[in-house]
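Structural characterization, general
Listed here are the chains, written in short residue letters.
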Amino acid sequence: MQPIPRRRTTDGPCPLSFAQQRLWFLDQLEPHGSAYNLPGVLRLTGSLNLAALEQSFNEVIRRHESLRTSFKTVDGKPLQVIHDPSPISLPLIDISHLPEQEAQRLAREEAARPFDLTRGPMMRATLLKLGLEEHILLFTMHHIISDGWSAGVLIREVTTLYEAFLQHLPSPLPDLSIQYADYTVWQREQMQGEMLEAQLSYWREQLRDAPAVLELPTDHARPAIQTYRGASQSFELSERLSEELKQMSRREGVTLFMTLLSAFKVLLSRYSGQEDIVVGTPIAGRTRRETEGLIGFFINTLALRTDLSGEPSFRELMKRVREVSLGAYAHQDLPFERLVEEISPERTLSHAPVFQVMFNLLNHNDVDTLIKLPSLTVETTAPLDTSVSKFDMTLYALERDKKIQFDLVYNSHLFEDSRMVEMSGQLRLLLSQIAANPSESIKSLSLVTREAEALLPNPTEELSFRWEGAVHTRFSEQARRVPHRLAVKDKQDAWNYGELESRSNQLANYLLASGVKPQGVVAIYGERSASLVWALLGVLKAGAAFLILDPSYPAARLINYLRAAKPQGCIQIWTGAAVPSALAEYLTTISCCQLKLPARSSLSDVDPLAGYSTDNPSVAHGPHDLAYITFTSGSTGTPKGVMGAHAPLSHFIKWHGETFNLNESDRFSMLSGLAHDPLLRDVFTPLCLGATLCIPDAEHMRSPAHITEWMAQEKISITHLTPSMGQILTSTTQTTLTSLRYAFYGAEALTKHDCTKLQKLAPSATCVNFYGATETPQAVGYFIASNQTGDDKSRELSDLKEMLPLGRGVEDVQLLVLNSCLKLAGVGEVGEIYVRSPYLAKGYLGDDELTRERFITNPFTRRDGDVMYHTGDMGRYLPNGNIEYVGRIDQQVKVRGYRIELGEIEAVLSEHPSVRETVVIAREDESREKRLVA
């Protein structure tokens, strides 16, 4: 191997190395930053000769051109400018009369003081006097002319020279055969032709179609321009566990680096939901003997990509990591910066290219050393600068005192300390399981730490079931208590509780007399109105279940609903518009009864219920009896009929009122869609409280300005909205809703922006994010988005990420995030959300097989009747126990990067409205496909 020649003359500037070029570019983006300062500390104990120390530093500066280099731009190209040596003096600051904390403060200030790359020098040193025989030497170099190895070179040379100069001897150090600038010229000559192509060919293939970003859960939105504010968590493994991991590594033929990196990648995969993980690792980059004694920026970075798919054992994963690592070491000569130029990833200023997470196994000798000199002891430390994080996170590992120690350094603009504390505990837990059984599948390794066990739901806990009567029974109780209070009103009609009780009793008696049987189905066709409420109560009091037919739906779709539900009767509420002919014809085939209800204002002319008793028929109801049928949207296939029972509806209504202190003085709005179960919150929550339900007419519903004006006129205090409707309400009006106390959101992803705009419209309103599905009637999870209630589960909006969490389960409901092995996910781990509760839907209408598939026996207890519904929603636990939504996973939508045809996109979005809020159209290529990233 030919040595690196000394080809550069001392006259004129020379090019930058590839690594220097990247740091120069970053400095142009953020001039005079301190993210790439490399601080060091020497504690000097004993008799110090300041003159000898200064002479030593000056000799090192003379020897190494890099320490007297600055950078300038010529014709748009950055160049190194090497200056002649000039003597320096060490500033001496006497702090002997001050607490030692002053030294720490000055050290932090020194480490954060920026360099000017255009002027130099790129190294500085300051001496702090703590006492007669106690000093601290602070030195800082910029990364553009130095690296961790260089710090060791500097310390060794300074101490060697100090010992010689103290005795008035000449420098014992041999002359350097080359300078860093010679290396940069040689590097650029080498990185071309066949050698360059061989290196590039390997890395092109290795990183082909690699993910652009590791989607770790963050506590704060990623800034548009990357920041570097850092924080850290330190932890260590026991001596016993550390030894077990080292022995296991030897048995498996891998290094400790490979074992620890494999475990770290398991954790990153479980956090991100990705199985293609790229992690960076530094390598000294001094593959030539001539470079070993130089101060310069030689360190290179390797991108280690591992495929974790196929549910490998940890033993198999170590083999994969070993193969990738050895391949990378064999191709380490290609500068990372040159690699980035070649593969041209989509560049963004918000995160580092190729990888965003680093792993570094430190050498003990590079961290601290005790040097004995005549009359002086030098304790050298190379502390991690945890105030700076150049990546999203970096895991440092170190073997010391027979223990493996870790420092997890992270970007504190992205992550809260609590998340990183939990992540540290999870890595320790992973390693203990791995040491015990490396043959275990990586998917089955648990991330539930002891601390998390006290925070997360216990899936073996027995949930209580209470039955306190159906919603129409509770309405009747209110009618007896407050018969003259206004119950429901629309543009035409107003009913008090006594009147609504009597009229709904008449309707129930009519249905029974017409042949409607208990548990039979009655279809109700009509717009939102007081008469719709009348019909719902009448059907329930007759012991039947209702199916609401929304007139805005196509007739063919409604006919399919009717065919599936096979109703015994049909109630048509006057809408002012003709029923579509195909639907009208089909309705004539319904056997028992076909009743057309006019508005109350028309009853004096035509009363189809005249003569029927106003007494309550008092039909017996059980908690599991059918109360209603509603259909899913069916965009991915035939709409599925979901059978809702009485108990889940009653349970939610009671919890709803008690949790948020809803009361009879509240005025509720009916804004929910007619065909979906949230409408039942609108209707039955007020009627079970003795409150008032206000219903807008069609004209109001067509105009956002009219809706908000109507809400203000009606003094609405409680409303249920979708985020889309909330955005419409807040977009075009100046009306202020002073009476609004609560806005309950559901059906779509809710953002902080949505809540902020709503609270500008309604200053006294508290926003609540509800979570649920048609199969989990009403809401089964909730999150309070401001702390006006004083609830310990609420959070100030300013503290939240843009996408609000789904929250926690309501009373007697557990929201369980389970991994692919149906084990409880740890905090931060991506999994599917399962709803465990005795208050679930009865199942799917006419589809027992699908019911068994989606409503499963709790695998943690295997008890009959202990059922969970798997939602198809992906989520993860936050460090406080709340759940955040990640995306959908089903036949057409995956959590990350699943391709679908253009024609399917709208169908997917209509089936899963929550995806609409988080979907990013990332690419459209020649095959006319788009990538959805949920």
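Keep in mind it's a predicted model, so treat the numbers as computed, not measured.

**Remarks on the nonpolar core**
Counting 94 residues, the largest nonpolar core has Leu500, Leu507, Val533, Ile571, Phe660 and Phe684 as the members making the most contacts within it. Element by element, the count of residues in this core is highest for helix α15 (residues 530-541), at nine residues. Not counting the four nearest positions on each side in its chain, Leu507 is found in contact with Trp534, Ala535, Gly538, Ile571, Leu595, Leu597 and Leu609. With 71 residues, the next largest nonpolar core counts Ala231, Ile277, Leu317 and Leu427 among its residues.

**A look at the pairing of strand β7 (residues 134-142)**
Of all nine residues in β7, eight are buried; the element is thus mostly enclosed. Both strand β2 (residues 37-46) and β7 contribute to a ladder of nine bridges, which runs antiparallel. In the strand pairing of β7, Asn37 is matched with His142. As defined by bridge partners, strand β6 (residues 123-131) adjoins β7 across eight bridges and the pair is classed as antiparallel. From the neighbouring strand, Gly131 faces β7, where its bridge partner is Glu134. From the end of β6 to the start of β7, which pair antiparallel, there are two residues.

**Let's talk about the side chain of His142**
You can see His142 is positioned in strand β7. In this structure the side chain of His142 is engaged in a polar contact, spanning 3.0 Å, whose partner is the backbone nitrogen of Ile144. Excluding residues within four positions of it along the chain, His142 makes contact with Tyr36, Asn37, Phe115, Leu117 and Met122.

**What about the packing of aromatic side chains?**
One pass over the structure, following the stated rule, counts 30 aromatic pairs. Arranged with centres 6.3 Å apart and planes meeting at 45°, the rings of Phe264 and Phe359 form a pair that is tilted. With Phe264 in helix α8 (residues 256-272) and Phe359 in strand β11 (residues 357-362), this residue pair connects regions lying 95 residues apart in the sequence. In this pair, the class of Phe264 matches that of Phe359, namely buried. Between Trp655 and Tyr782, the ring centres sit 5.0 Å apart and the planes meet at 70°, which makes this aromatic pair edge-to-face. Linking Trp655 in helix α18 (residues 646-659) with Tyr782 in strand β29 (residues 776-784), this pair joins segments that are 127 residues apart in sequence. A residue is classified by how much of its surface remains accessible, and Tyr782, at 7% relative accessible area, is buried. Aromatic rings pair up to connect Phe652, Trp655, Phe660, Tyr742, Phe744, Phe770 and Tyr782 into one cluster. Above the plane of the ring of Phe115 lies Arg124, whose end atom (NZ or CZ) is 4.1 Å from the centre.

**A closer look at the environment of Ile404**
Here Ile404 shows up in strand β15 (residues 403-411). Its relative accessible area of 0% is what places Ile404 among the buried residues. Each C-alpha atom, one on Ile404 and one on Glu243, is 8.8 Å from the other, the two residues being 161 residues apart in sequence. With sequence-adjacent residues up to four places away left out, Ile404 is seen in contact with Glu236, Leu237, Ser242, Leu245, Leu256, Leu260 and Leu398.

**What to know about the pairing of strand β3 (residues 69-74)**
Direction of pairing for β3 relative to strand β4 (residues 77-82): antiparallel, over a ladder of six bridges. Residue pairing in the sheet places Thr69 in a bridge with Ile82 of β4. The hairpin turn running from β3 into β4, its antiparallel successor, is two residues long, and Asp75 in that turn takes a positive phi close to 55°.

**A short note on the sheet that holds β3**
Read from one edge of the open sheet, three strands run β1-β4-β3, paired in antiparallel fashion. Looking along the sheet, the strands with just one partner apiece sit at the ends: β1 (14-15) and β3. With two bridges joining them, β1 and β4 adopt antiparallel strand pairing. Opposite Cys14, over in β4, you have Gln80 as the bridge partner.

**Some words on the confidence of the model for the chain**
For the chain, the mean per-residue pLDDT works out to 86, and 89% of the residues sit at or above 70. Predicted confidence for residues 789-794 stays below pLDDT 50, and this span has 12 contacts to residues more than four positions away or in other chains. Low confidence marks residues 891-934, where pLDDT is under 50. Its contacts with residues over four positions away, or in another chain, come to 89 contacts.

**Thoughts on a negative patch on the surface**
On the surface, a cluster of negative charge is contributed by Asp847, Asp848, Glu849 and Glu853. For Asp847, the location among the structural elements is in the loop between β33 (843-844) and α24 (848-854). With relative accessibility at 31%, the residue Asp847 sits in the partly exposed group.

**Quick word on the pattern of salt bridges**
Under the counting rule described, the total for this entry stands at 41 salt bridges. Taken together, the shared-partner salt bridges connect Glu197, Arg204, Arg338, Glu341 and Glu342 into one network.

**Focus: the side chain of Gln572**
One can find Gln572 in strand β20 (residues 569-573). With sequence-adjacent residues up to four places away left out, Gln572 is seen in contact with Tyr525, Val579, Leu587, Leu595, Lys596 and Leu597.

The rules we used
- Throughout, residues of each chain are indexed from 1 in the direction in which the sequence is written.
- Reporting in this predicted model follows two pLDDT cut-offs: at least 70 for local features of residues, and 80 or more for side-chain atom pairs to be given and counted; totals over whole chains, interfaces and linings ignore these cut-offs and use all residues.
- To get the side-chain values, take all heavy atoms of the structure and skip hydrogens and water.
- As used here, the term nonpolar core means buried Ala, Val, Leu, Ile, Met, Phe, Trp, Tyr and Cys residues forming a set that is joined through side-chain atoms within 4.5 Å.
- Here the term buried applies to any residue with accessible area under 20% of the maximum for its type, exposed to any over 50%, and partly exposed to those in between, with areas from a 1.4 Å probe on protein chains only.
- Where helices and strands are cited, they refer to DSSP runs of H or I of at least four residues and of E of at least two residues respectively, numbered from the N terminus.
- In what follows, residue pairs with any heavy atoms lying within 4.5 Å of each other are defined as contacts.
- DSSP calls a pair of strands paired once it identifies at least 2 bridges connecting them.
- Polar contact is the term for a pair of N or O atoms within 3.5 Å; when the atoms are in protein, one must be able to donate a hydrogen and the other to accept it, and sequence-neighboring residues count only if both atoms are side-chain atoms.
- By convention, a stacked pair of Phe, Tyr or Trp rings (six-membered ring in the case of Trp) has centres within 6.5 Å and planes under 30 degrees apart, an edge-to-face pair has planes over 60 apart, and any other such pair is tilted.
- Charge over a ring is defined by NZ of Lys or CZ of Arg lying within 6 Å of the ring centre and within 35 degrees of the ring normal.
- Think of pLDDT as the predictor's per-residue confidence, scored from 0 to 100.
- For patch building, the residue pool is restricted to those with more than 30% relative accessible area and no salt bridge; the joining distance is 9 Å between like charges and 5 Å between nonpolar side chains (Val, Leu, Ile, Met, Phe, Trp, Tyr).
- Each accessible area is a Shrake-Rupley estimate made with a 1.4 Å probe; only the visible protein chains count as cover when residues are assessed.
- For salt bridges, the criterion is a side-chain nitrogen of Lys or Arg within 4 Å of an Asp or Glu carboxyl oxygen.
- Positive residues here are Lys and Arg, negative ones are Asp and Glu, while His and the chain termini are left out of the count.
- The location of each charge is read from NZ of Lys, CZ of Arg, CG of Asp or CD of Glu.

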